[in-house]
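Structural overview
The residues making up each chain are set out below.
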Amino acid sequence: MAENDKIENDFVHLARVALSGRAQDVQTYLHRVAKRRGLNRELSIALVDLLRNNPTRSSPLRKGMEKALPTDTDSRFQLLRVEETPFLHIEPVYTEKVQGTLSRLVEERQNLGALLEAGLEPTRTVLFTGPPGVGKTLGARWVARELGLPLMILDLSAVMSSYLGRTGSNLRHVLDYAKSKDCVLLLDELDAIAKRRDDSGEIGELKRLVTVLLQQLDDWPSSGLLIAATNHADLLDPAVWRRFEQPVDFSLPGEAGIRAFLGALFDEVAPDMSAWVEILSVSLVGRSYSDIEREITLARRSAVLKGEGLDHYLSQLVTADEHSKQERIEIAVRLVSNGLATQRKAHEITGVARDTIRAHLKNDALSGG
Ligand SMILES: Nc1ncnc2c1ncn2[C@@H]1O[C@H](COP(=O)(O)OP(=O)(O)O)[C@@H](O)[C@H]1O
Ligand SMILES: [Mg+2]
């Protein structure tokens, strides 16, 4: 087809320009393609979006971008990170409750008219709490992506360790700016403010910081969505906590969460990993999603580099952990009944005696499990 030929030609041309390393030429070419009449509308929008978010020095769109932040040289704003088009490298796995709340936040804004008509406003301020690595930052990115809004991230631990954290007026300027934008603002690592309390001699300034924060929370317009996240909810001043309209408690994944997560992680790994998904979802309980992701990546890397086979490194994950005897037995029995290991192998992996494994297998068979 003529249209297909055209796209193939485009592709080859683009590849040639890209391989020559001339980013500017790639942009110019993509611009031309994006404007071409008859081009699939979604493709065209995607291209324009991409170009807008990846401006090179002399890009024609760069000027527009620079207006996004007050001035590049104003150090107050350098700690505000903007993700124009939030991108998730992985789809988050949440409990029904957390997912329900996040979806509602999105729905509220997608049905703003109906709410306003009924004299209601959407939720303005949200507090994400939970241990590290369970998807709080990811959740803010998810909400922003679903709403089609940019995500602005102010990492308060970075702010607090820089001179910016020294004055409340710095914080107010940055928040005022974010407030004026149609965006989702994430105040990440909120507990950093509370943590600095240990630094004696700065109590007065710290109080001003907290005051600024409280004012901003109260004044936050319903046109914007402010999400704060903390790993240490216990460190938060109750006065701060109370100000948020919607708390969302993220927790470490349970078996079901890990199962879903591993399913997605292993999706591109051949061959069928479902047996391992079962086993690891038992043995990795107690670990965070980011921990689990790291372990699996390490195992996959080792398998590629050392050639022992992925099974070998995954079984190390089962043993490496501190498991109770009962858990080890459960894992061993699953290994055998899933056909992943012989009884001897299961014994090697888990340290459970073969007799014990046999006895449990027999029991399971009798009880029809
Ligand atoms: N609920 C989740 N679902 C899928 N992946 C997750 C989840 N939580 C964490 N991850 C993985 O761990 C990484 C770090 O998560 P992050 O959202 O930064 O954790 P937190 O902000 O809670 O400390 C994510 O980028 C993702 O790869
Ligand atoms: Mg985080």
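The rules behind these values
- Starting from 1, residues in each chain are numbered consecutively following that chain's sequence as written.
- Chain labels run from A onward and ligand labels from 1 onward, assigned in the order the entries are written.
- The predicted nature of this model means local features are confined to residues of pLDDT at least 70 and side-chain atom pairs, given and counted, to a pLDDT of 80 or more, with totals for whole chains, interfaces and linings taken over all residues.
- Based on all heavy atoms of the structure, the side-chain values leave hydrogens and waters out of the count.
- A fitted line through C-alpha atoms represents every axis, and for helices the fit uses only the stretch in contact; the resulting angles, taken between N-to-C directions, go from 0 to 180 degrees.
- Runs of E in the DSSP output that reach at least two residues are strands. Runs of H or I that reach at least four are helices, and both are numbered from the N terminus.
- Here roughly perpendicular refers to angles of 65 to 115 degrees, roughly parallel to angles under 35, roughly antiparallel to angles over 145, and oblique to all remaining angles.
- Crossings are classed by handedness, with left-handed meaning an anticlockwise turn of the near helix from the far one by less than a right angle and right-handed meaning a clockwise turn.
- Contact criterion: two residues are considered in contact whenever any of their non-hydrogen atoms come within 4.5 Å of each other.
- Polar here means any residue outside two lists: the nonpolar Ala, Val, Leu, Ile, Met, Phe, Trp, Tyr, Cys and Pro, and the charged Asp, Glu, Lys and Arg; Gly therefore counts as polar.
- What counts as a ring pair is set by centres within 6.5 Å for rings of Phe, Tyr and Trp (its six-membered ring), and what kind of pair is set by the plane angle: stacked under 30 degrees, edge-to-face over 60, tilted for all other angles.
- Type-normalised accessible area, obtained with a 1.4 Å probe on protein chains alone, sets the label of each residue: buried when under 20%, exposed when over 50%, and partly exposed for intermediate values.
- Here a residue counts as near a molecule or strand whenever at least one of its heavy atoms sits within 4 Å of it.
- Any pair of nitrogen or oxygen atoms within 3.5 Å is treated as a polar contact; in protein, a donor-acceptor pairing is required on top of that, and neighbouring residues in sequence qualify only through side-chain atoms on both sides.
- Per-residue and other accessible areas were derived by the Shrake-Rupley procedure at a 1.4 Å probe size, with only the shown protein chains allowed to occlude residues.
- Domain extents, as shown, originate in an automatic or database domain assignment.

1. Focus: the packing of helix α13 (residues 255-265) against helix α15 (residues 289-306)
Close contact between α13 and α15 brings their axes to 11 Å; oriented N to C, the two are set at 40°. Taken together, the axes of α13 and α15 are oblique relative to one another. Crossing of α13 against α15: the hand is right-handed. Between α13, through Gly257, Ile258, Phe261, Leu262 and Leu265, and α15, the contact on the second element is made entirely by Tyr289, Ile292, Glu293, Ile296 and Arg300. A class-by-class count of the residues in the contact of α13 with α15 yields seven nonpolar, one polar and two charged.

2. Details of the packing of aromatic side chains
Under the defined criterion, the tally for this structure stands at three aromatic pairs. Between Phe261 and Tyr289 the ring centres are 5.0 Å apart and the planes differ by 80°, which places this aromatic pair in the edge-to-face class. Of the two residues, Phe261 sits in helix α13 while Tyr289 sits in helix α15, which places them 28 residues apart along the sequence. The exposure class of Phe261 is buried, given its relative accessible area of 5%. With relative accessibility at 11%, the residue Tyr289 sits in the buried group. Each member of the aromatic cluster is reached from another via a ring pair, and the members are Tyr94, Phe128 and Phe250.

3. A word on the site of ligand 1
Taken together, 18 residues lie around ligand 1, and Val93, Gly133, Lys136, Thr137 and Glu293 are the ones closest in. In this structure, Gly135 approaches ligand 1 through a main-chain N or O atom, which is 2.9 Å from a nitrogen atom. The separation between an oxygen atom of ligand 1 and a polar side-chain atom of Thr137 is 2.9 Å. Protein chains bury 86% of the 560 Å² of accessible surface belonging to ligand 1 in isolation. Looking at the shell around ligand 1, the elements that each hand over two or more residues are α7 (136-147) and α15. Looking at the shell around ligand 1, you find at least three residues from each of domain 2 (75-249) and domain 3 (255-366).

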